[in-house]
Amino acid sequence: MNLNLQGKVALVTGGSRGIGAAICRAFAAEGVRVGFNYHANPEAAEELVGQLRGHGVEAVAVIANLGEEASVLNLIDRVAAELGPIDILVNNAAVCPSGPMESYSWDVWQHTLNVNVTGAFLACRELASSWRQHQTRGKIINIVSQAAFLGSTSGHLPYDSSKGALLSMTRALARELGPEGINVNAVAPGMVKTEMVIKKLEAKLDFYLSRIPLKRIAEPEEIANIVIFLASEAASYITGATIDASGGVMMH
Ligand SMILES: NC(=O)c1ccc[n+]([C@@H]2O[C@H](COP(=O)([O-])OP(=O)(O)OC[C@H]3O[C@@H](n4cnc5c(N)ncnc54)[C@H](OP(=O)(O)O)[C@@H]3O)[C@@H](O)[C@H]2O)c1
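Residues numbered from 1 in each chain as written. Predicted model: local features only at pLDDT ≥ 70, side-chain atom pairs only at ≥ 80, totals over all residues.

Enquirer: Please set out the site of the ligand residue by residue, giving values where relevant.
Expert: Taken together, the neighbourhood of the ligand is formed by 30 residues, with Gly14, Gly18, Ala94, Thr194 and Met196 sitting nearest. Secondary structure elements with two or more residues in the shell around the ligand: helix 1 (18-29) and strand 2 (33-38). The greatest single-element share of the shell around the ligand, amounting to 3 residues, is contributed by helix 1. (Near = placed C-beta within 6 Å. Helix = DSSP H or I, 4+ residues; strand = E, 2+ residues; numbered from the N terminus.)

Enquirer: Kindly report on unusual backbone geometry, identifying the contributing residues and their values.
Expert: Even without being a glycine, Gln135 presents a positive backbone phi close to 50°. When you line up the elements, Gln135 lands in the loop between helix 4 (106-134) and strand 5 (139-143). Here Met251, not a glycine, exhibits a phi torsion of approximately 50°, which is positive. Judged by the 7 C-beta atoms lying within 10 Å of it, Met251 falls in the exposed class. (Buried ≥ 20, exposed ≤ 12 C-beta atoms within 10 Å, placed from the backbone.)

Enquirer: Describe in detail the sheet that holds strand 7 (residues 242-245), supporting the description with residues and values.
Expert: Pairing within the open sheet is parallel, and its 7 strands lie in the order 3-2-1-4-5-6-7. In the strand order of this sheet, the two ends are held by strand 3 (59-63) and strand 7, each with one partner. Sheet twist, expressed as the average angle between the axes of neighbouring strands with direction ignored, equals 15°. By the bridge criterion, 4 bridges tie strand 6 (residues 183-189) to strand 7 in an arrangement that is parallel. Note that in strand 7 the partner of Pro189 across the bridge is Ala245. Of the strands in this sheet, strand 1 (9-12), strand 2 and strand 3 are in contact with helix 3 (residues 69-83), which crosses strand 3 at around 160°. Against the sheet, helix 6 (residues 157-177) makes contact with strand 5, strand 6 and strand 7, and its axis sits at roughly 160° relative to strand 6, the strand it touches most. (Pairing = 2+ DSSP bridges. Axes fitted to C-alpha atoms, helices over the stretch in contact; angles between N-to-C directions. Contact = placed C-beta atoms within 7 Å.)

Enquirer: Pulling in residues and values, what's your account of the packing of helix 1 against helix 2 (residues 42-53)?
Expert: Running from amino to carboxyl end, helix 1 crosses helix 2 at an angle of 20°, the nearest separation of the two axes being 9 Å. Accordingly, the angle class assigned to the pair helix 1 and helix 2 is roughly parallel. Regarding helix 1 and helix 2, the two cross each other, and that crossing is right-handed. Along its contact with helix 1, which presents Ala21, Cys24, Arg25 and Ala28, the element helix 2 presents Leu48, Gln51 and Leu52. For the contact of helix 1 with helix 2, the per-class residue count stands at 5 nonpolar, 1 polar and 1 charged. (Parallel < 35°, antiparallel > 145°, perpendicular 65-115°, else oblique. Left-handed = near helix turned anticlockwise from the far one by under 90°. Nonpolar A, V, L, I, M, F, W, Y, C, P; charged D, E, K, R; others polar.)

Here it is in C-alpha cells:
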C-alpha cells in the first residue's frame, strides 16, 4: 500500500529510543521529515538523526521536558522552524515509575501526569489550533497502553492513571476535532522490547509470555507500523479509535 506520506512533517515526542525511535525510522522510510525530542540522552538522539537523514529526509532532535510548558512550546517551534509546518503529532513520550501505591509522593504523581498527559495535551492544543486556522487535516496519534484498560500487575499506578487519561483525551479530542477533518487515534501496546520494560522482562519473561496469546514480546517496529497507517489517508475514516497491539492480551 502506498501511504502517500512523502513530504509531510511529523513530530514524535520521546523519539530518541524505543518505540519512538522505531516510529521516527518508519516515518523517514516513507519520506516524512521527522522532528523528535529527547530528554536525557543526546547521544542516542544524534545517532538517530543520522539514521533518519540516511533515508534522504530532513530530521531534527530537540531537547525537551514534556513536563514543562515552555519546553513543549519550544519543541514545537523548533521543529516547525527547521522542517516546516507540522502535519502529524505522535504523543509517545512517557515516564513509568514503579512501586506500591503508598510509595508515590505528590511530586512523582504530578511529574508522571505532567509528562504523560499534560505535555501531550499542550502539543495537541498548539498543533490542532494551528491546523484549525489553516484548515489542515492533521493527524494525532497517542501511544497509550494496555494498562489504560487492565492496570498493571507490577505496580505503576500513576502511569496506568495517566494512560487512562490519555485514552479519554483521545476520544474527547476526536469528537471536538472531527468536524475539521482532524483524526485523533490511540495505539495501546502490550509488552514491547524497550528499556522501559527490559528489567521486568528479564525478571519474569515466562509470566508475561503466559498471558500473551501470540506467545512473544512485540518489537518496536510492530507498533510503529500501526502509527504510520493511522497517520496516513489510508486511515481517513478512523477517529477516536484505539488499536489494540497487545498480542491478544486485551482482545479489545
Ligand atoms: N515498552 C512497552 O512495553 C510499552 C507498553 C505499552 C505502552 N508503551 C508506551 O510506548 C511509549 C514509548 O515507550 P518506550 O518503551 O519506547 O519508552 P522508553 O524506551 O522508556 O523511551 C522513553 C522516551 O521518552 C523520552 N522521555 C523520558 N522522559 C521524558 C520527559 N520528561 N520529557 C520528554 N521526553 C521524555 C525518552 O528520552 P531520553 O532517551 O532522552 O531519555 C525516550 O525517548 C510510551 O508512551 C509508553 O508508555 C510502552
